[in-house]
Amino acid sequence: MSERFRVVPVAAHESAFGDETDGDTVFDAAGVCEGERAERRGSVPILEYSREPNKYGDGNPRESSPFIHNTDDYKGTLYDGKNMALFEEEMDSNPMVSSLLSKLANYTNLTQGVREHEEADEDEGAKKKTVKSPQMGTFIGVYLPCLQNILGVILFLRMTWIVGTAGILESFIIVSMCCSCTMLTAISMSAIATNGVVPAGGSYYMISRSLGPEFGGAVGLCFYLGTTFAGAMYILGTIEIFLTYIVPSAAIFKAEEKALEAEAMLNNMRVYGTCCLTLMAVVVFVGVKYVNKLALVFLACVVLSILSIYAGVFKTIFEPPIFPVCLLGNRTLQNHGFDKCMKTEIIDNETVTTRLWALFCDGPELNASCNEYFSLNNVTVIQGIPGLTSGAISENMWGTYGPAGMMVEKDLPSVPAIDSSQDKDMPYVLNDITTFFTLLVGIYFPSVTGIMAGSNRSGDLRDAQRSIPIGTILAIATTTIIYLSCVVLFGASIDGVVLRDKFGDSVKGNLVIGTLSWPSPWVIVIGSFFSCCGAGLQSLTGAPRLLQAIARDGIVPFLEVFGHGKANGEPTWALLLTALICESGILIASLDAVAPILSMFFLMCYLFVNLACALQTLLRTPNWRPRFKFYHWTLSFLGMSLCLALMFISSWYYALVAMLIAGCIYKYIEYRGAEKEWGDGIRGVSLNAARFALIRLEEAPPHTKNWRPQLLVLLNLDTELSVKHPRLLSFTTQLKAGKGLTIVASVLEGTYLTKDTEAKQAEQNIKSAMSAEKTKGFCHVVVSSNQRDGISHLIQSAGLGGMKHNSVLMAWPTNWRQSNDPQTWKNFIETVRETTAAHLALLVAKNVDSFPHQERLSEGTIDVWWIVHDGGMLMLLPFLLRQHKVWRKCKMRIFTVAQLDDNSIQMKKDLQMFLYHLRLNAEVEVVEMHDSDISAFTYEKTLVMEQRSQMLKQMQLSRTEREREIQSITDESRSSIRRKNHSGAHGSGLNNQISQLDEEKQEEAQLIHDRNTASHAALNDKADAAPERVHMTWTKEKFFTERNRNREQNATMAVRDLFNMKPEWESLNQSNVRCMHTAVKLNEVVVNKSQGAHLVLLNMPGPPKNRGGDENYMEFMEVMMEGLNRVLLVRGGGREVITIYS
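Definitions and limits used
Residues numbered from 1 in each chain as written. Predicted model: local features only at pLDDT ≥ 70, side-chain atom pairs only at ≥ 80, totals over all residues. Heavy atoms only, no water. Helix = DSSP H or I, 4+ residues; strand = E, 2+ residues; numbered from the N terminus. Buried < 20%, exposed > 50% of the residue type's maximum accessible area, 1.4 Å probe, protein only. Areas by Shrake-Rupley, 256 points an atom, 1.4 Å probe, with all protein chains shown as cover. Disulfide = S-S within 2.5 Å. Core = buried A, V, L, I, M, F, W, Y, C linked by side-chain atoms within 4.5 Å. Contact = heavy atoms within 4.5 Å. Axes fitted to C-alpha atoms, helices over the stretch in contact; angles between N-to-C directions. Parallel < 35°, antiparallel > 145°, perpendicular 65-115°, else oblique. Left-handed = near helix turned anticlockwise from the far one by under 90°. Nonpolar A, V, L, I, M, F, W, Y, C, P; charged D, E, K, R; others polar. Polar contact = N/O pair within 3.5 Å; in protein donor to acceptor, adjacent residues only side chain to side chain. Expected span 1.5 Å × (residues − 1). Phe/Tyr/Trp six-rings, centres within 6.5 Å; stacked < 30°, edge-to-face > 60°. Lys NZ or Arg CZ within 6 Å of the ring centre and 35° of its normal. Pairing = 2+ DSSP bridges. Salt bridge = Lys/Arg side-chain N within 4 Å of Asp/Glu carboxyl O. Right-handed = clockwise from strand over helix to strand, strands pointing away.

A. View of the overall build of the protein chain. Along its length, the protein chain carries 36 helices and 19 strands. In the protein chain, which comprises 1142 residues, the proportion classed as buried is 56%. Surface summary for the protein chain: the accessible area is close to 49600 Å², and the carbon and sulfur share equals 56%.

See below:
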């Protein structure tokens, strides 16, 4: 095979990794080749358990090797062969695999201890309209709206039933828990609301700006759903009052049998509720101003109703109202189908049966067949409202829970019937649902919601930061007093059987709380009816605006359509969606079933208000300066805990569903939502958690079991500041699989003052490439005066604390030979030296552009050539790669090299056992590389390399000297070739090169090695023929020696040359010859075994200690990797990264 040189014009300047960049980088070059890594202080203890920690490098503790004891006996004796000369200097710290496996039984391991930015508001929705100066004060703006929203349907329709079922004591506990929850939430809300201006949006705005867009969107939507279902609850309450107490005859569906009455009532609720919802939606659509004008009327209804209740209660002290209740035995009767509570009566001295008799007997005759219980027990009449001083409080102190269908009974003596099968058809007052304590909590809680009404009006207040806390807390205190007093007063004034009669059947269908009011029950009935109507309208008004605010924030992409509306800003589409969701609540048709649903959503909202306040207080954010001072993080935490407890007390399955909905919304916003930076508390939590974790990590390096490659990826950029090798990012993704730390970095030459724009653009381009390649990590662009210093700074300072890189990934400088600047490969070699000095692992990918992208590789192999042991990186990397779908089908093969004195069979067995303990599945093969004579090809390769090295040094001469030398050499070469009469391919090739140089008249020129494409196998086939070559040097004396050498090409002459060293061979550096011999022999066996592998992993020998032969090192690497497609050179960081222990 012929080895030729040619003169080519200089094309471009290249970067540290062999890729072209802009700018000039000037370094010094020096040294000779020894092919080894930079000198380390100390050595690695190997192959025996040792508890004495070794100091490695600059004094940092290095984990003891788990393999063999540190002995010096082998130094200089085990590695005196020529085959491993390239790794010779590293044997002190990285043992040969054969030595490692020979004492594997002693394997052990030592235990070791482990953007904030501002976003322009103008991009976040429409600009707010200028409004007139607000004039509302605390009483009108906060106190009354909160009072109106808190007092509502539950108080009028369910409060008496809750007191009768749970008893005064437990009802007091229920009310206290719920009111305490809202009071604590109000304290937290007051702190948040007074920490700056709260625009319209109320709780949503407070939560989202305090907890971030993910929590804000999730909780905001939950609050929206709660408000919407509250509208459904108020509408159902309105219809219940209308059909049960105002116009019972308006029912469309009527049950002929008692068992079907409940179902008929639900159907009536659905029909009338849908009609009512439609009417209210039309009113809201036509104009909200009408709703606002009616608000005062609705508020007056609530206040008058409350006052009539208190007036009626105190009137019972002097004159209890007459509401007789008829009991049969101890059972309460529905007072609908009869007028007198007696079985018979005497009319005109004749005993006749009453209408009550007809309900229990087959006929009006005295001897008719009657219900057994009716026959055995008498009827009695009691007062439903005995009065405040009657002593009923003691009777109603304890609860009476029971299943659905249980009769409402009084504690009186009675005679039980043997046959009770017909009781369900009799006109008894029954439980319509199964009752228990937690159910009552869920039903009652909506009666304490509505505390956000004041904060929702913050834009209309004269002094919001003063009015919101005072008005809200006063409203909650007022309603708490009302509720607690109602519990006691109802229990003390009303008989227990009437309290447990949910629909007032025992008092002739009157609203139970209405029987207590003064001057008439109709005050409460009409007042509660209009109160429920007003609350429903306000819910249908507020919920669409809340949804519109969320949509306009842009954090939930699929809701953007609901941000639009009419020309005046009315949320038309949001109103439509609200009506549809509200209709789903109406179709449930049961107030008792809807109340726990909205309880969940409101409780979740309150929970996050408390969480936001607690976080901001604990984090001590500089911006956390609320004017409201009466708060503490313990109160917020208590409120949060109480909210969570109430959620699961009310209904654990509803709580899980609400959390699931909120979680799904959270993940959706996190995955698809627009990025927002609102200075939220969650970011503060993340920063504090990161700081805490980093401090903990810095206490000690990670244990071997926790080691994973934390990558610093060094990228090259082209003239457009785009990533040159995006496949390097693909490989990073495949290696990391989203785990651990990845820092993607690059260097720009220049000063930061002049290159700041380019640096930002480069960083943006890298981030785009990372996104396209699905690489998760951080991006860092450094501007430095030269490439070498920039890379050095990155290696030293990238990362933070314990989250620093432990591995460097870079691309092999492919075109380093063609570069006109030696700094191209010198920067690369210096990078290798600095990673070694920093005890970092190094991964160098050759032909990285041919690495797979996202396409899955078919079945093939990942071949590992384990030559020296430097921590186990070679075995760990294929395992990590195979976790990714691209490499999953590839099998792992491990090759190791045996010397002449090694037992290759035993080595294979030991290696198989080692892999078994490591839980790695791989094929094992031991390749024997016996000492052999150094071939002529190796000598010629070395000669060519050294001549090229001389030429590269001469390239440092001045331009005039270089031109003179080139002309002299070319003239002498031409005359030499003419005298030898050897005008073959080489001569013509040289003439072509010279003519090309003359024609182009380039000032810069370089004489480089033109590699032939034939493989080593072809070279070996021609071993009997000496390679044809033309040697050209930079000195005339050397040139004349070359000219006089006869280059006959026949087998006889080639054999004679092998035994008689050529004169120029004798002057070669024997160390270079041995290194080249190692590279050639390794390349032969690697190409023979792994040419078809998808990826080949090789131990990377370090550069020479003396820098004079750095260019020779690059040649050694090229020879070692020649003929291989995808190669990953691996250089360990000086610590163990894999262990057999669990």
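Back to the text.
B. Representation of the state of the cysteines in the model. The tally for this structure, following the rule as stated, stands at two disulfides. Each sulfur of the disulfide joining C326 and C341 lies 1.9 Å from the other. A torsion of 75° about the S-S bond marks the disulfide between C326 and C341 as right-handed. You can see C326 sitting in strand β4 (residues 324-328) and its partner C341 sitting in the loop between β5 (331-332) and β6 (344-347), a full 15 residues away along the chain. As far as the burial class goes, C326 and C341 line up, both buried. Each disulfide pairs two cysteine sulfurs, and for C361 the partner residue is C370, the sulfurs being separated by 1.7 Å. Across the S-S bond linking C361 and C370, the dihedral sits near 105°, which makes this disulfide right-handed. Of the residues examined, C361 reaches a relative accessible area of 8% and is grouped as buried. The disulfide pattern of the protein chain is 1-2, 3-4 when the bonded cysteines are numbered in sequence order.

C. Molecular detail of unusual backbone geometry. Note the cis peptide between W518 and P519, where omega equals 10°. Along the chain, P519 turns up in the loop between α15 (512-516) and α16 (521-553). Even without being a glycine, D348 presents a positive backbone phi close to 55°. Within the secondary structure layout, D348 lies in the loop between β6 and β7 (350-353). The exposed category is assigned to D348, whose relative accessible area is 72%. Of note in the backbone geometry, K508 takes a positive phi value of approximately 60° without being a glycine. Note on placement: K508 falls in the loop between α14 (496-499) and α15.

D. Seen up close, the nonpolar core. The biggest cluster of nonpolar side chains holds 157 residues, and the ones touching the most others in it are M233, Y444, F445, M452, Y483 and F490. Looking at this core element by element, the count peaks at 22 residues for helix α5 (residues 202-246). Apart from residues lying up to four places away in sequence, F490 is in contact with M159, T160, I309, L499, I513 and L516. Listed in part, the 56 residues of the second largest apolar core include A841, L874, L877 and I894.

E. Fine view of the packing of helix α4 (residues 159-193) against helix α19 (residues 633-650). Where α4 contacts α19, the two axes come as close as 9 Å, and the packing angle between them is 140°. Comparing their axes, α19 and α4 come out oblique. As for the relative orientation of α4 and α19, their crossing is left-handed in sense. When α4 is examined against α19, the residues M177, C178, S180, C181, L184, T185, I187 and S188 are found in contact with a partner set consisting of L635, S636, L638, G639, L642, C643 and L646. Among the residues making up the contact of α4 with α19, the classes are represented as ten nonpolar, five polar and no charged.

F. View of the side chain of N1099. With respect to the helices and strands, the residue N1099 is situated in strand β18 (residues 1095-1099). Owing to a relative accessible area of 1%, N1099 belongs among the buried residues under this scheme. A distance of 2.7 Å separates a polar side-chain atom of N1099 from the backbone nitrogen of I867. In this structure, N1099 is in contact with F87, W865, W866, I867, V868, D870, L874, M1120 and V1130, ignoring residues within four places of it in sequence.

G. View of the side chain of D863. With respect to the helices and strands, D863 occurs in strand β14 (residues 861-866). D863 sits in the buried class, given a relative accessible area of 0%. Among the polar contacts listed, one links the side chain of D863 to the side chain of R893, at a separation of 2.6 Å. There is a polar contact of 2.6 Å between the side chain of D863 and the side chain of S1090. Not counting the four nearest positions on each side in its chain, D863 is found in contact with R893, F895, K1089, S1090, A1093, L1095, V1096 and L1097.

H. Structural view of helix α6 (residues 261-286). Taking 1.5 Å as the rise per residue, α6 with 26 residues should run 38 Å; its terminal C-alpha atoms sit 37 Å apart, in good agreement. For α6, the set of buried residues is A264, N268, M269, G273, C276, L277, M280, A281 and V284.

I. Focus on the packing of aromatic side chains. The tally for this structure, following the rule as stated, stands at 21 aromatic pairs. Considering the side-chain rings of Y444 and Y483, the 5.6 Å spacing of their centres and the 80° angle between planes classify their relative orientation as edge-to-face. Placement of Y444 in helix α11 (residues 437-444) and of Y483 in helix α13 (residues 464-493) is noted, with a sequence separation of 39 residues between them. Take Y483: its relative accessible area is 0%, and that puts it in the buried class. Residues W866 and F914 carry aromatic rings whose centres are separated by 6.0 Å and whose planes lie at 15° to one another, so their mutual orientation is stacked. Taken together, the positions of W866 in strand β14 and F914 in helix α27 (residues 904-917) put the pair 48 residues apart, joining distant regions of the chain. Taking relative accessible area as the criterion, W866 reaches 1% and is therefore assigned buried. Residue F914 is classed as buried on the basis of its relative accessible area, which comes to 1%. Here the aromatic residues F223, F445, F602 and Y606 are joined through ring pairs into a cluster of three or more. For R331, the ring lying beneath its charged end belongs to Y428, and the centroid distance is 5.1 Å. When the ring centre of W161 is taken as origin, the NZ or CZ atom of K502, which lies over that ring, is 4.2 Å away.

J. Structural context of the sheet that holds strand β8 (residues 379-383). Taken in spatial order, the three strands make up an open sheet running β5-β4-β8, and their pairing is antiparallel. Where the open sheet ends on each side, the last strands, each with one partner, are β5 and β8.

K. Spatial organisation of the pattern of salt bridges. Under the definition given, this model contains 15 salt bridges. Notably, a salt bridge pairs K340 with E345, separated by 2.7 Å at the nearest N-O pair. The partner of E925 in a salt bridge is K1089, and the shortest N-O contact between them spans 2.5 Å. With E925 in strand β16 (residues 923-928) and K1089 in helix α35 (residues 1070-1090), the pair connects residues that are 164 residues apart, well separated along the chain. Each of R158, E240, D432, K502 and D592 takes part in a single network of salt bridges with overlapping partners.

L. Representation of the pairing of β6 within the structure. For β6 and β7, the ladder comprises four bridges, and the chain directions are antiparallel. Its bridge partner being in β7, E345 is matched across the sheet by V352. Counting the residues between successive antiparallel strands, the hairpin from β6 to β7 contains two residues, one of them, D348, with a positive phi of roughly 55°.

M. The sheet that holds strand β15 (residues 891-898), seen in detail. Overall, mixed pairing links the ten strands, which are arranged β11-β10-β9-β12-β13-β19-β18-β14-β15-β16 in an open sheet. With one partner strand each, in any of the chains shown, β11 (778-784) and β16 form the two edges of the open sheet. Geometrically, the sheet is characterised by an average inter-axis angle of 20° between neighbouring strands, direction not taken into account. Taken together, the four bridges between β14 and β18 define a ladder with parallel strand orientation. Each residue of the ladder has a partner; that of I862, found in β18, is L1095. Most of the contacts of α27 go to β16, to which it runs at about 150°, and overall it touches β14, β15 and β16.

N. How the structure looks around the pairing of strand β10 (residues 742-749). Taken across its eight residues, β10 has eight buried, putting it largely inside the fold. Residues T742, V744, S746 and L748 point to one face of β10 and I743, A745, V747 and E749 to the other, with burial holding for every one of them. Sheet topology places strand β9 (residues 711-714) next to β10; four bridges connect them, and they run parallel. Bridging from a neighbouring strand, L711 pairs with T742 of β10. Alignment of β10 against β11, held across seven bridges, turns out to be parallel. Bridged to I743 within β11 is F778. Running through helix α23 (residues 752-772), the crossover from β10 to the neighbouring parallel element β11 is right-handed.

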